[in-house]
Amino acid sequence: MNRSQINRVFKQASECFKQHHWHLPPNPSWDVTDFGLGDFDRTGLTLINLSEEPEYCEKLMYARQGQTTPAHTHARKKEDIICRVGELTLQLWDGLPEKSEGNEFTIQVNQRPRTHRSGDELHLLSGERVTLQPGIYHSFWPTSSECIIGEVSTANDDTNDNIFVDPKIGRYPGIEEDEPALVHLISE
Ligand SMILES: O=C[C@@H](O)[C@@H](O)[C@H](O)CO
């Protein structure tokens, strides 16, 4: 990614958090990624790690319409993905997408079990959440112009615990310095 893109999304996300009264802690841990694919506006996510403890983690995320977080699962992390502001669409599979399409499985939406067909979409409105067990593959994108997304989970380990369907994906971006940094990322 170019530093100018990171600076731009830092300003956009900060403005959106401010507009919706989401106050950030001092010196938040920013994590902006294009998942190594070099097309941030199509495959990208902006995250802030609010709390990372051995037992649990909380993140706040920001995405704009057109931007997808690519299909992945976690070996160990169980997480709630929460639509905080806007509308969020997730695509969910109960195993590798190519092997599980059409299977029925149970997921928890807003703390209640629901039958879901692997590969189908789930739409979350502000305040709604889905609970993802390790092994549930998920991809998500805003269906509103922008979206504030929460994540509450067991321990987070973004270096070792992400399993992406696309083998070309890397979790952290390479950075090209084309202007001075407004913020440094947790990957730097
Ligand atoms: O689903 C998204 C989350 O698990 C993120 O916290 C993770 O960093 C994506 O790689």
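Everything numeric here is computed off the predicted structure, so don't read it as measured data. (Residues numbered from 1 in each chain as written. Predicted model: local features only at pLDDT ≥ 70, side-chain atom pairs only at ≥ 80, totals over all residues. Heavy atoms only, no water.)

Topic: unusual backbone geometry
- Positive phi is not limited to glycine here, since H21 has a value of about 60°.
- For H21, the location among the structural elements is in the loop between α1 (3–19) and β1 (29–33).
- H21 gets classed as exposed once you look at its relative accessible area, which sits at 63%.
- At Q111, a position not held by glycine, the phi torsion is positive, near 75°.
- On the secondary structure map, Q111 appears in the loop between β7 (104–109) and β8 (112–117).
- In this structure Q111 comes out as exposed when scored by relative accessible area, which is 53%. (Helix = DSSP H or I, 4+ residues; strand = E, 2+ residues; numbered from the N terminus. Buried < 20%, exposed > 50% of the residue type's maximum accessible area, 1.4 Å probe, protein only.)

Here we look at the site of the ligand
- Among the 14 residues in the neighbourhood of the ligand, the closest are listed as K59, H74, E79, E151 and D158.
- Within the side chain of E79, one N or O atom sits 2.9 Å away from an oxygen atom of the ligand.
- A distance of 2.9 Å separates an oxygen atom of the ligand from a polar side-chain atom of R171.
- Contact with the protein chains hides 100% of the accessible area of the ligand, taken as 290 Å² for the molecule alone.
- Put simply, the parts of the chain that give the shell around the ligand at least two residues each are β4 (69–74), β5 (79–85), β11 (137–142) and β13 (162–164).
- Taken together, the residues of the shell around the ligand break down into four nonpolar, four polar and six charged. (Near = heavy atom within 4 Å. Polar contact = N/O pair within 3.5 Å; in protein donor to acceptor, adjacent residues only side chain to side chain. Areas by Shrake-Rupley, 256 points an atom, 1.4 Å probe, with all protein chains shown as cover. Nonpolar A, V, L, I, M, F, W, Y, C, P; charged D, E, K, R; others polar.)

Details of the sheet that holds strand β10 (residues 129–132)
- Read across the sheet, eight strands follow the order β1-β2-β3-β12-β5-β10-β7-β8 without closing on themselves; strand pairing throughout is antiparallel. Every other strand in the sheet has two partners, leaving β1 and β8 as the edge strands with one partner each. Put simply, the sheet's adjacent strands are angled 30° from each other on average, direction ignored.
- With respect to the sheet, α1 is in contact with β1, β2 (45–52), β3 (57–64) and β12 (146–153), its orientation differing from that of β3 by roughly 105°. (Pairing = 2+ DSSP bridges. Axes fitted to C-alpha atoms, helices over the stretch in contact; angles between N-to-C directions. Contact = heavy atoms within 4.5 Å.)

A short note on the pattern of salt bridges
- For the structure on display, the rule yields 13 salt bridges.
- Put simply, D80 and R129 hold a salt bridge, and the shortest N to O gap is 2.9 Å. Linking D80 in strand β5 with R129 in strand β10, this pair joins segments that are 49 residues apart in sequence.
- Relative accessible area serves as the criterion here: at 24%, R129 is assigned to the partly exposed category.
- D120 is paired through a salt bridge with R117; the nearest N and O atoms lie 3.3 Å apart. (Salt bridge = Lys/Arg side-chain N within 4 Å of Asp/Glu carboxyl O.)

Observations concerning the nonpolar core
- Residues I81, L90, L92 and V130 are the most contacted members of the largest nonpolar core, which totals 23 residues.
- Of all elements in the fold, only β2, β3, β5, β6 (87–93), β7, β9 (121–125), β10 and β12 reach the threshold of two or more residues within this core.
- Once residues lying within four places of it in the same chain are set aside, the contact partners of V130 are E79, D80, I81, L90, L92, I107, Q108, V109, L122 and L124.
- Of all hydrophobic cores here, the second largest spans 16 residues; its members include V9, A13, W30 and Y62. (Core = buried A, V, L, I, M, F, W, Y, C linked by side-chain atoms within 4.5 Å.)

Structural notes on the side chain of D34
- Relative to the assigned elements, D34 resides in the loop between β1 and β2.
- We note that D34 is buried and unpaired, the nearest opposite charge coming from R171 at a distance of 8.4 Å.
- A distance of 2.9 Å separates the side chain of D34 from the backbone nitrogen of G36, its partner in a polar contact.
- Not counting residues up to four positions away in its chain, the partners in contact with D34 are M1, D39, F40, T43, G44 and P173. (Lys, Arg positive; Asp, Glu negative; His and termini not counted.)

Notes on α1
- Spanning 17 residues, α1 covers 24 Å between terminal C-alpha atoms, matching the ideal 24 Å at 1.5 Å per step.
- Residues of α1 that are buried: R3, I6, N7, V9, A13, C16 and F17.
- Structurally, α1 contributes buried residues whose contacts are with β1, β2, β3 and β12.
- Where α1 ends, the next residue or the one after it, H21, has phi of about 60°, a positive value. (Expected span 1.5 Å × (residues − 1).)

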